[in-house]
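Spelled out, the chains give:
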Amino acid sequence: MKKTSILTFMLAVTAVFGQKVSDYKYISIPQTFKDFETESYGLDDSLAKALKSKGYTVVQEGKNQWPSEIEKSSCSFATGNILNKSSFLRNKVELEFKDCNGKVLFSSKGSSNIKEYKEGYQDALKLSLVSLPASNPVATLQVIKESPKENVVTKSEESSSAPVTENKSGKYTNGKVNLQKIQVDTNQFILADGGSSVPFAVFKTTSKRDVFRVKLSDGTYTIGYYENGNIVIDIPQSNGEFFKEVFSAK
């Protein structure tokens, strides 16, 4: 059963990525293109006529006028759009068609030397339509609507985003000295001896959770970490080894 599901998924993916605009019979175009909301320059009508001349059935906004077979599947038509790509000296447009998942099926740019807006945009659209293939719809259009991706929080992510109880300030001791933990910010805290102006140890976060780069009061660098609610510092020894100094919450 699992192998069958995987095969079906692979076939669906192949179908989606192999789709062409010519595979569609129906093309939906808006009544007003977003880049031409102020003035359409007749581009909507010109595009509709050009698509019909290439065998496409054009459907504009207002689903009450759409053929019933489109209602059965939101993926049975492609969506057309005209983007304004004009520069200072040229009127330019980009003709674009997408499937129901937003995948670009066809894109073509047209540029005109005509400076007047309406004539220039019309000329640019005409040039962008030259390479548009004629409609040659497939018998069964295998395009599957992709479900929106959900933000799934895994256990590891959940635990990493949860507040760490050890981040709280408080008093710690190793049985010989009493220190105050002061949380400077989310990436740094110190263990301070009330009788000294120099922090006993400064802790800075590393790429590993609950493991810190530590600077001791004598300038020595080492590592520290949380262990069973305690703060542990690996104290360097003269022989090159380390002594595990454990500070427990009071």
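For the structure itself, consult the block above.
Residues numbered from 1 in each chain as written. Predicted model: local features only at pLDDT ≥ 70, side-chain atom pairs only at ≥ 80, totals over all residues. Heavy atoms only, no water.

Student: Run through helix α4 (residues 117-128), naming residues and quoting values.
Tutor: Relative to the 16 Å expected for 12 residues at 1.5 Å per residue, α4 spans 16 Å between its end C-alpha atoms, a close match to the ideal helical length. Among the residues of α4, Gly120, Tyr121, Ala124, Leu125 and Ser128 are the ones counted as buried. Around the axis of α4, the buried residues are gathered within 130° of arc, so they sit on the same side. Elements in contact with the buried residues of α4: α2 (43-53), β3 (77-84), β4 (91-98) and β5 (104-112). (Helix = DSSP H or I, 4+ residues; strand = E, 2+ residues; numbered from the N terminus. Expected span 1.5 Å × (residues − 1). Buried < 20%, exposed > 50% of the residue type's maximum accessible area, 1.4 Å probe, protein only. Arc of directions from axis to C-beta. Contact = heavy atoms within 4.5 Å.)

Student: Pulling in residues and values, what's your account of the sheet that holds β4?
Tutor: One open sheet accounts for five strands, arranged β2-β1-β3-β4-β5; its pairing is mixed. Every other strand in the sheet has two partners, leaving β2 (57-60) and β5 as the edge strands with one partner each. Across the sheet, the mean angle separating the axes of adjacent strands is 25° when strand polarity is ignored. As paired strands, β3 and β4 are joined by six bridges and run antiparallel to one another. (Pairing = 2+ DSSP bridges. Axes fitted to C-alpha atoms, helices over the stretch in contact; angles between N-to-C directions.)

Student: Please set out the state of the cysteines residue by residue, giving values where relevant.
Tutor: Within this structure, the stated rule accounts for one disulfide. Covalent S-S linkage joins Cys75 and Cys100, the inter-sulfur distance amounting to 2.1 Å. Handedness here is read from the sign of the S-S torsion; for Cys75 and Cys100, about 80°, the answer is right-handed. Residue Cys75 is located in the loop between α3 (68-71) and β3, and its partner Cys100 is located in the loop between β4 and β5; the two are separated by 25 residues in the primary sequence. (Disulfide = S-S within 2.5 Å.)

Student: Run through the pairing of β5, naming residues and quoting values.
Tutor: By the bridge criterion, eight bridges tie β4 to β5 in an arrangement that is antiparallel. Considered in β5, the bridge of Lys92 is made with Ser111.

Student: Explain the packing of aromatic side chains to me, using residue names and the numbers behind them.
Tutor: Within the structure shown, the criterion is met by 12 aromatic pairs. Ring centres of Phe189 and Phe212 lie 5.2 Å apart, and the angle between their planes is 80°; this geometry places the pair in the edge-to-face category. Within this pair, whereas Phe189 is found in strand β8 (residues 188-192), its partner Phe212 is found in strand β10 (residues 211-216), the two being separated by 23 residues in sequence. Judged by relative accessible area, which is 5%, Phe212 ranks as buried. Grouped by ring-pair contacts, the aromatic residues Phe36, Tyr41, Tyr117 and Tyr121 constitute a single cluster. Over the face of the ring belonging to Phe189 we find Lys181, whose NZ or CZ atom lies 4.5 Å from the ring centre. (Phe/Tyr/Trp six-rings, centres within 6.5 Å; stacked < 30°, edge-to-face > 60°. Lys NZ or Arg CZ within 6 Å of the ring centre and 35° of its normal.)

Student: If you had to explain unusual backbone geometry to someone new, which residues and values would you point to?
Tutor: Of note in the backbone geometry, Asp210 takes a positive phi value of approximately 70° without being a glycine. Tracing the chain through its elements places Asp210 in the loop between β9 (201-205) and β10. Using a relative accessible area of 26% as the deciding quantity, one classes Asp210 as partly exposed. You will see that Asn228, though not glycine, has its phi angle at about 55°, which is positive. By secondary structure assignment, the location of Asn228 is in the loop between β11 (221-227) and β12 (230-236).

Student: Quick one: what's the story with the environment of Gln188, residue by residue and with numbers?
Tutor: Inspection of the secondary structure assignment puts Gln188 in strand β8. For the pair Gln188 and Val214, spaced 26 residues apart in sequence, the C-alpha to C-alpha distance is 9.9 Å. Among all residues touching Gln188, those that are not within four sequence positions of it are Gln183, Val202, Phe203 and Lys204.

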